[in-house]
Amino acid sequence: MLSQKRTATVDIGFTHDDFAALLDKYDYHFSPGDIVAGTVFSLEPRGALIDIGAKTAAYIPIQEMSINRVDNPEEVLQSNETREFFILTDENEDGQLTLSIRRIEYMRAWERVRQLQAEDATVRSLVFATNRGGALVRIEGLRGFIPGSHISTRKPKEDLVGEELQLKFLEVDEDRNRLVLSHRRALVERKMNRLEVGEVVIGSVRGIKPYGAFIDIGGVSGLLHISEISHDHIDTPHSVFNVNDEVKVMIIDLDAERGRISLSTKQLEPEPGDMINNRDRVYEKAEEMAEKYREKMRAAQQQQVAAPEEPELEPELEPEYEEEVVAAIEE
């Protein structure tokens, strides 16, 4: 009889109290910021209960289920599903933790856009809203902003909703929750890829500043610096050009990363001062002079390969260039 009682005692199952005691013994502790595995065991109208191995089931509210809007928990979770959860808050007075999936998606989305920025990638996204300052898009689920000055289209901003745009990254700052993009830079880069240094192009004067003229070349803006207008001294570009003048220029530098195009008419002058005294002759001889310039470039490159220890350094561009390119395009 005694033997039967002992057997009955051994057959008693592992109780909830036993499990709680085991947790206390091994000091299982969950902290905000941890990522843990959990199993969904109860879906509720505005959330779900998740078993993560704590004494009390953890809870995930519907607003923490995704980086995107969720109207019903079943859009994201299913009963008995096991997945990763982010511990959002410490235990409340009932010993319950609050979880999040949205926070995991945010962390991984920021990691992805930082990688895309490092790769200088061009991305595509639909405009889902506009405001006074620009347009709003989503990149990897994150909300991004395109300033009005970086939208290159003749359409009113409000007509852009639903339109897909090519974009480049201007700013990726997770700490400040700032994701800023440029449509203009993406278009400029694409058009610049079709241009070559030493190429002669025809453009239109878009703006004139004391240090040079901005020339529109098929929708992108290049700087004809005052020092590259003529071999002769020029007091101001206004003495040579007027806005809307059609000009023939040569490309002497391309910086696709910064969206910069440097131009020259000085290199096209058959004789010093021809841009001031005989512009028609400059334009007539432009291709011939450009070919001579390209020959000099090729010779310089060959010399540089032969003597790599003494590379020929190009002069730095004017520091105000980028600011004025933006201003000229916005005009």
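Residues numbered from 1 in each chain as written. Predicted model: local features only at pLDDT ≥ 70, side-chain atom pairs only at ≥ 80, totals over all residues. Heavy atoms only, no water.

**Overview of the overall build of the protein chain**
Each helix and strand counted, the protein chain has 8 helices and 15 strands in total. Counting over 331 residues, the protein chain shows a buried share of 39%. Sequence-distant contacts in the protein chain: of pairs separated by 6 or more residues, those separated by 24 or more amount to 59%. (Helix = DSSP H or I, 4+ residues; strand = E, 2+ residues; numbered from the N terminus. Buried < 20%, exposed > 50% of the residue type's maximum accessible area, 1.4 Å probe, protein only. Contact = heavy atoms within 4.5 Å.)

**Things to note about the sheet that holds strand 14 (residues 246-255)**
Taken together, 5 strands build a closed barrel; the order of strands is 11-12-13-15-14 and the barrel is mixed. For this sheet the average axis-to-axis angle between neighbouring strands, irrespective of direction, equals 50°. Looking at chain direction, strand 13 (residues 220-225) and strand 15 (residues 260-264) are connected through 2 bridges and run parallel. Residue Leu-223 lies in a different strand from strand 15, and its bridge partner there is Ser-262. (Pairing = 2+ DSSP bridges. Axes fitted to C-alpha atoms, helices over the stretch in contact; angles between N-to-C directions.)

**Observations regarding helix 7 (residues 286-306)**
Its 21 residues give helix 7 an end-to-end C-alpha distance of 30 Å, which sits within 8% of 30 Å, the value for a rise of 1.5 Å per residue. Within helix 7 the residues assigned to the buried category are Ala-286, Met-289, Ala-290 and Tyr-293. All buried residues of helix 7 lie within an arc of 100° about the axis, which places them on one face of the element. In this structure, helix 7 carries Gln-302, Gln-303, Val-305 and Ala-306 as exposed residues pointing more than 90 degrees from its buried face. (Expected span 1.5 Å × (residues − 1). Arc of directions from axis to C-beta.)

**Considerations on the confidence of the model for the protein chain**
Overall, the prediction assigns the protein chain a mean pLDDT of 84, with 83% of residues at 70 or greater. Long-range and interchain partners of residues 1-10, a stretch whose pLDDT sits below 50, account for 0 contacts in this model, where long-range means more than four residues apart. Across residues 312-331 the pLDDT falls below 50, and counting only partners more than four positions away or on other chains, this stretch makes 31 contacts in the model. (pLDDT = per-residue confidence, 0-100.)

**Structural notes on the pairing of strand 9 (residues 164-173)**
Residues in a regular strand project their side chains so that they alternate between the two faces of the sheet. Across the 10 residues that make up strand 9, a large majority, 7, are buried. As paired elements, strand 6 (residues 123-130) and strand 9 share 4 bridges and run antiparallel to each other. Counted as the bridge partner of Val-123 is Leu-167 from strand 9. Taken together, the 5 bridges between strand 9 and strand 10 (residues 178-182) define a ladder with antiparallel strand orientation. Across the sheet, residue Glu-171 finds its bridge partner in strand 10, namely Val-180. Two successive antiparallel strands, strand 9 and strand 10, enclose a turn made up of 4 residues, where Asn-177 displays a positive phi of approximately 55°.

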